[in-house]
Amino acid sequence: MKKWSHVVVVFCLVLFALVWSAGIVPTLPNTSTAIVAQAAKVSLNITSKRIIKGKSFTLKVKGTTKIVTWKSDDKEIATVDADGVVTGKKKGKTFIRAKVGGNTYSCKVIVETPKISETALTLFKYDSYELIVKGTRQKVKWTSSNDDVAMVSGSGDYGECGYVLAFGAGTAKITAKVGGKKYTCKITVEDPKLSKDSLTLYAGNTYSLNLTGTTQKARWASSNTRVATVSQDGTVTAKAEGRATITAQVGSKTCRCYLTVKKDWSKVTATYYDTKKGIIAVIHNGSEECVKVTATVTYYDNKGNIVPAYTDSYFSIRNDSEETGVDIYSGDTVALKVAGPLSVVYFTGGSPFNTKTYKTFKCELDIRTSSLSKEEFEYKDVQLNAEKYNDEKLVVKVTNNGEKTKLTVPVMVLFFDASGKFIDYTTTHVECYRSESSGYVLVSYSTDKNYDPTVPDSFQAYIEVEGD
């Protein structure tokens, strides 16, 4: 029992010593941190590369100073030298190996042989075209040497499509740059034009149309060969009255000339007399055909501005020219009065029609074959004559040489002074009551401000026709 007590006492003393030691002995910091040096990772700077045939790039092994041995799996596709310079030789895929010590590192090399879809191209102004660089999956950059002639923009997954827009005549070089190599297409922009876009010819005449702005051969055609034909050198031959379109086809471009063929109406003549309230056109049909003559008159003020032939102040209607058409029998001479510029006024209490002042006029005649049959010309068999009766009047004789009875013939008489200057005019009508008979009418001369007759030095009488 005493022995066990001794053991307990010793145990307690040891325990107390341990506790006391733990309480008074400071814990020192761990100042001996272990530093572990890791070896650098060995790798290639590039593990996959697309290059263009003939182009090179350099491979390097990182993380080692040991000797590197280089090798190509297929030297026909790509080669590699002792410095790691890889050169594309032929289209295809291969691997370049770098052997370092007992390890081998690989780079996949794909050699491409791109090709542009066109190397020379002719476009017309405002045409578009899509160039394509085939055989590559690398980024393509497009440029134009002259944006004023042709512009280009890239599209597609890799920009492989170059959208070209032609702007003006000339040449430009379109360049597609891919993988450090350039592929070009020469663009020639043409702007074909005909020497005339509209033309009027007389039947039987010829005219040579010229096509400029292109080096390409044109294909000529006429829309109506009855009216006109055209040879392959652009010579137009007018055949008959009518209209036709002459075309010159160059590739996708069509140039047009709108042709009007008329008969030679040089024997249809006109003389104009100004009444200050409009004009009188004396028209002679010297041709062998009955004609339809349309007179278009434009009036001008003293500054050269157009005086509208008709102005409606209420409805705001304005016509710049007065147009009147008449049918004239072969060999006949008629007088046609074309109204001067009028102003129609409403609700003013004054005259509803007021003639406006003009200084000069211009008359244009459009002459065509009449659609009337010869039997429909009422005055075709009428003969007219005027003679001086006395110092106040003249006598107009109308003879009906046709078969029509009770024919009323409208007559216009024009008066002239000694110099041939137009003075005035008057209108009347003569009755012919049966065929092969004559009718007469006395016509008074015009008067002065005192109402005294002004005897003209000469006068002319014509059948007066009304326009439609």
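Quick caveat, the model's predicted, so the values are computed rather than measured.

1. A closer look at the pattern of salt bridges
Scanning the entire structure with this criterion turns up twelve salt bridges. Taking the shortest distance from any N to any O, the salt bridge between Glu-76 and Lys-90 comes out at 3.4 Å. Taken together, the residues Glu-76 in the loop between strand E5 (68–72) and strand E6 (78–80) and Lys-90 in the loop between strand E7 (85–88) and strand E8 (92–100) connect sequence positions 14 residues apart. Overall, the relative accessible area of 53% leaves Glu-76 in the exposed class. The salt bridge partner of Arg-368 is Asp-366, with a shortest N-O separation of 2.7 Å.

2. Topic: the confidence of the model for the protein chain
For the protein chain, the mean per-residue pLDDT works out to 87, and 87% of the residues sit at or above 70. Here helix H1 (residues 2–24) stands out as the least confident element of the protein chain, with mean pLDDT 44; strand E22 (residues 219–222) is the most confident, with 98. Per-residue pLDDT stays below 50 along residues 1–38; that stretch engages in zero contacts with residues further than four places along the chain or on separate chains.

3. What to know about the nonpolar core
Ile-283, Val-293, Leu-394, Val-396, Val-398, Val-409 and Val-411 are the most contacted members of the largest nonpolar core, which has 38 residues in total. If we skip the residues at most four places from it in the chain, Val-293 touches Val-268, Ile-283, Thr-324, Gly-325, Val-326, Ile-328, Leu-365, Asp-366 and Ile-367.

4. With respect to unusual backbone geometry
At Tyr-126, a position not held by glycine, the phi torsion is positive, near 75°. Positionally, Tyr-126 belongs in the loop between strand E11 (120–124) and strand E12 (128–134). Residue classification places Tyr-126 among the exposed residues on the basis of a relative accessible area of 58%. If you check the backbone angles, Tyr-451 has positive phi at about 65° while not being a glycine. Examined against the element boundaries, Tyr-451 turns out to sit in the loop between strand E42 (437–444) and strand E43 (458–465).

5. Details of the packing of aromatic side chains
Inspection of every chain in the model, using the stated rule, returns seven aromatic pairs. Between the aromatic rings of Tyr-299 and Tyr-358, the centroid separation amounts to 4.6 Å while the plane-to-plane angle is 55°, which identifies the pairing as tilted. With Tyr-299 in strand E29 (residues 291–300) and Tyr-358 in the loop between strand E36 (353–355) and strand E37 (360–369), this pair connects stretches of sequence that are 59 residues apart. Classification of Tyr-299 by relative accessible area gives buried; the value is 0%. According to the relative accessible area criterion, Tyr-358 is buried, its value standing at 8%. Cluster of aromatic residues (ring-pair linked, three or more members): Tyr-273, Phe-416 and Phe-422. Above the face of the Phe-57 ring, Lys-49 is positioned so that its terminal group lies 5.8 Å from the ring centre.

Reading the values: the criteria
Residues numbered from 1 in each chain as written. Predicted model: local features only at pLDDT ≥ 70, side-chain atom pairs only at ≥ 80, totals over all residues. Heavy atoms only, no water. Salt bridge = Lys/Arg side-chain N within 4 Å of Asp/Glu carboxyl O. Helix = DSSP H or I, 4+ residues; strand = E, 2+ residues; numbered from the N terminus. Buried < 20%, exposed > 50% of the residue type's maximum accessible area, 1.4 Å probe, protein only. pLDDT = per-residue confidence, 0-100. Contact = heavy atoms within 4.5 Å. Core = buried A, V, L, I, M, F, W, Y, C linked by side-chain atoms within 4.5 Å. Phe/Tyr/Trp six-rings, centres within 6.5 Å; stacked < 30°, edge-to-face > 60°. Lys NZ or Arg CZ within 6 Å of the ring centre and 35° of its normal.

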